[in-house]
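Analysis of the macromolecular model
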Amino acid sequence: MMYYKSMEIDKSIFKSYDIRGVCPDQLGEATAFNIGKAFVKLTGAKKVAVCNDARASGPELLLALARGIISEGGQLSYLGQLPTECLYFAVGNYDFSAGIMITASHNPKEYNGFKMIKKTDGNIEMVRGESLRDIVGNENYADGEPLELNKKDILKDYANHILSFVDLSRINPLKIVVDASNGVAGKIILEIKDKLPVEIISLNFEPNGDFPNHSPNPLAPGSAKQISDRVKAEAEGVDFGLIFDGDADRVFLIDERGQLVRADVVLLILARYFLRKNVGSAIAYNAICSRAVPEFIKKWGGKPIKTKVGFVNVREGLLQNNGIMGGELSGHYCFKDNFYMDSGMIAMLILMQEISADGRKVSEITAELSPYAKGAELNFEVADKDAVLAKIKEKFSDGKQDFLDGITVEYEDWWFNVRPSNTEPLLRLTIEADTEAILEQKQEELIKVIKK
């Protein structure tokens, strides 16, 4: 028997949306044990589903978490090493009352954490990490006798669920490069590959928690280089590429030229698919998406719903407005018929069908859906975020202002958003304009205001 003396728990790991920290310094077995206990106390859950991504610390955290859940009277079923969306499906589809995904998503390899959900009256609710901060205990942990986990295989049911979103007969014989980032996307794609009328060139399908080929974050510098090079190198030509993050709940599109497509443009491709079948439905998007998003949604007969930045907020906007789907710039896309949860796999399948239906090259599709010049988000470290926001509000008072998330100011030929980070002394700036020249001019002007 191994004993793990519980050091004082680092409360900084309890984030707004989940729990995340460096292993084992911030998140070790004793902490995982206590989190398991606190989760059952908070939710009252009796049947808990758990799965983990490819990170090396996952198996140890799993056993400690399981002992904590069981010690509080919970029953645990282990689903395996799977994407986060498989946990969502299991809790939504079976008689589980809650679920925990062991993952640090796109964070570097030394991190791990927990994404947590519960089911209330048949509906999935997200359990915020911060909700456990003040109730988590600090008991020592002993691993005791070997723990035999109850296991449940959900792969066939899950595969049928995601395939139900598309008509396979309407997908052309595409050639696609897919980069699983050495995370857990590959297992699912291999499960459904024989049913898809496409040729898939696989990159980094082997789960490896060291992420040896590139960061598990597709947006990190250099992460998309491997897939971009492979798309451009294929002599017969590739229709497009897809790159997943570590736990496969986010997916990014690469066009046939090897260029990463902005996620709000991908949102429009997905929205068009759903609005063809659900005319008048609501589509949720966040405050820093292109103004093209609400414009095209209205053009296609839909109802655009603007939310704060953050997947939890997009999902909430979807729920409150009985929307059909939603998405944001981080690459999360959520769907009403997927328990209002996000799914990189469903997004992948719909992209296959919608790009097939369009018939044009991906670069041509995305060019039409990107009529404006949009700059990358810029971050500024400031001592007094409120003072800078007040200064911006005053200086740009001649524009149309809203305060949904920070401050957004709109003009006829450009707009910008400045919003504070919830966790760092940072202000984040997004600008979009009718032309590159206006974008550069206004970006320089705003940078001077923020830095002054």
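Residues numbered from 1 in each chain as written. Predicted model: local features only at pLDDT ≥ 70, side-chain atom pairs only at ≥ 80, totals over all residues. Heavy atoms only, no water.

1. Re the overall build of the protein
Of regular secondary structure, the protein possesses 13 helices and 24 strands. The globule rule puts the C-alpha radius of gyration for 452 residues at 22 Å, and the 22 Å found for the protein is close to it. C-alpha atoms of the protein, sized along the principal axes, occupy 65 × 55 × 40 Å. Classification of the 452 residues of the protein by burial places 58% in the buried group. Excluding contacts between residues fewer than 6 apart, the proportion of contacts in the protein whose partners are at least 24 apart in sequence is 70%. Roughly 18900 Å² of accessible area belongs to the protein as shown, and the carbon and sulfur atoms make up 47% of that amount. (Helix = DSSP H or I, 4+ residues; strand = E, 2+ residues; numbered from the N terminus. Rg over C-alpha atoms; globule rule 2.2 N^0.38 Å. Buried < 20%, exposed > 50% of the residue type's maximum accessible area, 1.4 Å probe, protein only. Contact = heavy atoms within 4.5 Å. Areas by Shrake-Rupley, 256 points an atom, 1.4 Å probe, with all protein chains shown as cover.)

2. Looking at the pattern of salt bridges
Under the criterion given, the structure shown has 21 salt bridges. The salt bridge partner of Arg170 is Asp167, with a shortest N-O separation of 3.4 Å. Judged by relative accessible area, Arg170 falls into the exposed class, the value being 56%. Residue classification places Asp167 among the partly exposed positions, given a relative accessible area of 32%. Across the salt bridge formed by Asp229 and Lys225, the nearest N and O atoms sit 2.7 Å from each other. Taken together, the residues Asp229 and Lys225, both in helix α6 (residues 225-233) and 4 residues apart, mark about one turn of the helix. You can call Asp229 partly exposed: its relative accessible area is 35%. Each of the salt bridges in this network shares a partner with another, and the network as a whole consists of Arg272, Arg276, Glu354, Asp358, Arg360 and Glu368. (Salt bridge = Lys/Arg side-chain N within 4 Å of Asp/Glu carboxyl O.)

3. Focus: the sheet that holds strand β15 (residues 303-307)
Pairing is mixed in the open sheet, where 5 strands are placed in the order β15-β14-β16-β17-β18. The open sheet has two free edges, formed respectively by β15 and β18 (341-342), since each of these has just one partner strand. In this structure, strand β14 (residues 282-286) lies alongside β15, joined through 5 bridges in parallel fashion. Bridge assignment links Tyr285 to a residue of β15, and that residue is Lys306. With respect to the sheet, helix α7 (residues 263-277) is in contact with β14, β16 (325-327) and β17 (333-335), its orientation differing from that of β16 by roughly 175°. (Pairing = 2+ DSSP bridges. Axes fitted to C-alpha atoms, helices over the stretch in contact; angles between N-to-C directions.)

4. Here's the deal with helix α12 (residues 385-395)
One full turn of an α-helix is made of 3.6 residues, so residues set three or four places apart face in the same direction. Inspection of α12 places Val388, Leu389 and Ile392 among the buried residues, and these make up the whole buried set. Relative to the axis of α12, the buried residues are bounded by an arc of 100° and lie together on one face. Turned more than 90 degrees from where α12 packs its buried face, Asp386 and Glu394 sit exposed. Along its buried surface, α12 packs onto β22 (407-410), β23 (414-420), β24 (426-433) and α13 (436-451). Between a side-chain oxygen at the N-terminus of α12 and the backbone nitrogen of Asp386 the separation is 3.3 Å; the capping residue is Asp384. (Arc of directions from axis to C-beta. Polar contact = N/O pair within 3.5 Å; in protein donor to acceptor, adjacent residues only side chain to side chain.)

5. Regarding the sheet that holds strand β10 (residues 175-179)
With mixed pairing, 4 strands are arranged side by side in an open sheet as β11-β10-β12-β13. In this open sheet, the two strands that pair with only one neighbour each are β11 (199-203) and β13 (251-254). Direction aside, the axes of adjacent strands within the sheet are offset by 20° on average. As paired elements, β10 and β11 share 5 bridges and run parallel to each other. Across the sheet, residue Lys175 finds its bridge partner in β11, namely Glu199. The strands that α6 touches are β10, β11, β12 (240-244) and β13; relative to β10, the one it contacts most, it runs at about 160°.

6. Considering the environment of Gly21
Looking at the element boundaries, Gly21 is found in strand β2 (residues 19-22). For Gly21, a relative accessible area of 0% puts it in the buried group. Sequence separation between Gly21 and Phe114 is 93 residues; the distance between their C-alpha atoms is 9.5 Å. Sequence-distant contacts of Gly21, defined by excluding residues within four places in its chain, comprise Ile13, Gln26, Leu27, Glu110, Tyr111 and Asn112.

7. Some words on helix α5 (residues 185-192)
For α5, every residue scored as buried is listed here: Ala185, Gly186, Ile188, Ile189 and Ile192. Each buried residue of α5 sits inside an arc of 165° when the element is viewed along its axis, so together they form one side. Among the structural elements, α3 (84-93), α4 (155-163), β10, β11, β12 and α10 (344-358) are those in contact with the buried residues of α5.

8. Remarks on the packing of α4 against α10
It is the contact of α4 with α10, at a shortest axis distance of 9 Å, that shows an interaxial angle of 45°. Comparing their axes, α10 and α4 come out oblique. Taken as a pair, α4 and α10 cross one another with a handedness that is right-handed. Within the contact between the two elements, α4 uses Tyr158, His161, Ile162 and Leu163 and α10 uses Met345, Ile346 and Leu349. Tallied by class, the residues present in the contact of α4 with α10 amount to 6 nonpolar, 1 polar and no charged. (Parallel < 35°, antiparallel > 145°, perpendicular 65-115°, else oblique. Left-handed = near helix turned anticlockwise from the far one by under 90°. Nonpolar A, V, L, I, M, F, W, Y, C, P; charged D, E, K, R; others polar.)

9. Regarding unusual backbone geometry
Backbone torsion omega between Cys23 and Pro24 reads -5°, so that peptide bond is classified as cis. Along the chain, Pro24 falls in the loop between β2 and α1 (29-43). Of note, the phi angle at Asp121 is positive, near 55°, even though the residue is not glycine. On the secondary structure map, Asp121 appears in the loop between β6 (111-120) and β7 (123-127).

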